[in-house]
Amino acid sequence: MYVVSRQDELGVLRIVLEEQYERHSTQLALLARQARQLPGDRTDLAAASALTAASRQALGDIARALHYLEQGRYGTCEECRGDIPIERLALRPATRFCTTCQPEPHHQGRP
Ligand SMILES: [Zn+2]
């Protein structure tokens, strides 16, 4: 029987978090370049600024999660102090709450 410890699983999530951080950083850079090139279409600008805000928010969340990893308190719900299930962290690595304290607002096409 092969048992993976929670620490091992959290280590894998660090890689996921770092990849997501890279991806959002790249997206922000692309959006910034796009904003300079857009011919002033307000609809596109609004969409781009919404994406930029979302990416900035995500970067902040991911940075905090990585910081918590360093401190060894990553994966703990900020509300009830319980362990956040690995399955939830795998879907949303930057989440700060367990499923009980922050139920999904909507269900996206999960298999
Ligand atoms: Zn909780």
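See the structure printed just above.
The structure reproduced in this document is the subject of the present report. (Residues numbered from 1 in each chain as written. Predicted model: local features only at pLDDT ≥ 70, side-chain atom pairs only at ≥ 80, totals over all residues. Heavy atoms only, no water.)

1. What to know about the overall build of the protein
Here's step 1: The helix and strand tally for the protein stands at 3 helices and 0 strands.
Here's step 2: For the protein, the sequential pattern of α-helices and β-strands runs α-α-α.
Here's step 3: Each of the 111 residues in the protein was classed as buried or not, and the buried ones make up 27%.
Here's step 4: Relative to all contacts within the protein whose residues are 6 or more apart in sequence, the contacts with residues 24 or more apart total 52%.
Here's step 5: For the protein, the accessible area works out to roughly 7,900 Å², and carbon and sulfur atoms hold 53% of it. (Helix = DSSP H or I, 4+ residues; strand = E, 2+ residues; numbered from the N terminus. Buried < 20%, exposed > 50% of the residue type's maximum accessible area, 1.4 Å probe, protein only. Contact = heavy atoms within 4.5 Å. Areas by Shrake-Rupley, 256 points an atom, 1.4 Å probe, with all protein chains shown as cover.)

2. Notes on the pattern of salt bridges
Here's step 1: If you walk through the whole model with that rule in mind, you get 4 salt bridges.
Here's step 2: For Glu70, the salt bridge goes to Arg14, with nearest N and O atoms at 3.0 Å. Of the two residues, Glu70 is situated in helix H2 (residues 42–71) and Arg14 in helix H1 (residues 6–37); the sequence distance between them amounts to 56 residues.
Here's step 3: When the shortest N-O distance is used, the salt bridge between Arg64 and Asp61 registers 3.4 Å. (Salt bridge = Lys/Arg side-chain N within 4 Å of Asp/Glu carboxyl O.)

3. Quick word on the coordination of the zinc ion
Here's step 1: Coordination of the zinc ion by the protein comes from Cys77 (SG), Cys80 (SG), Cys98 (SG) and Cys101 (SG), over a distance range of 2.3 Å.
Here's step 2: Every donor counted, the 4 donor atoms about the zinc ion form angles of 104 to 115° at the centre, which fits tetrahedral coordination.
Here's step 3: The exposure class of Cys77 is buried, given its relative accessible area of 0%.
Here's step 4: Its relative accessible area of 45% is what places Cys80 among the partly exposed residues. (Donors = N, O, S within 2.8 Å, 3.2 Å for Na, K, Ca; no water. Tetrahedral: all angles 85-135°; square planar, octahedral: opposite > 155°, others 65-115°.)

4. With respect to the nonpolar core
Here's step 1: Leu10, Leu13, Leu17, Leu69, Tyr74 and Leu89 are the most contacted members of the largest nonpolar core, which totals 16 residues.
Here's step 2: For this core, the secondary-structure elements that each account for two or more residues are H1, H2 and helix H3 (86–91).
Here's step 3: Among the elements that make up this core, the one with the highest residue count is H2 (5 residues).
Here's step 4: Ignoring anything within four residues of it in the chain, the contact list for Leu10 reads Leu69, Tyr74, Ile86 and Leu89. (Core = buried A, V, L, I, M, F, W, Y, C linked by side-chain atoms within 4.5 Å.)

5. A word on unusual backbone geometry
Keep in mind that most residues, glycine aside, have a negative phi and that most peptide bonds are trans.
Here's step 1: Unusually for a residue other than glycine, Arg81 sits at a positive phi of about 65°.
Here's step 2: Summarising the element assignment, Arg81 is placed in the loop between H2 and H3.

6. Topic: H2
Here's step 1: Between its first and last C-alpha atoms H2 spans 43 Å; for 30 residues at 1.5 Å apiece the expected length is 44 Å, and the two agree.
Here's step 2: For H2, the complete set of buried residues consists of Ala48, Thr52, Ser55, Ala58, Leu59, Ile62, Ala65, Leu66, Tyr68 and Leu69.
Here's step 3: Just downstream of H2 lies Gly72, where phi reads positive at about 75°. (Expected span 1.5 Å × (residues − 1).)

7. Observations regarding empty space enclosed by the protein
Here's step 1: By the definition in use, this model includes 1 cavity of 30 Å³ or more.
Here's step 2: Along the walls of the largest cavity sit Arg64, Ala65, Tyr68, Tyr74, Gly75, Thr76, Glu78, Ile84, Ala94, Thr95 and Arg96, which together make up its complete lining.
Here's step 3: When the residues that make up the lining of the largest cavity are grouped by side-chain class, the tally is 5 nonpolar, 3 polar and 3 charged. (1 Å grid on protein atoms, 1.4 Å probe; cavity = no way out; pocket = protein on both sides within 12 Å on 5 of 7 lines; lining within 4 Å. Points joined across faces, edges and corners; volume = space filled by probe spheres on them. Nonpolar A, V, L, I, M, F, W, Y, C, P; charged D, E, K, R; others polar.)

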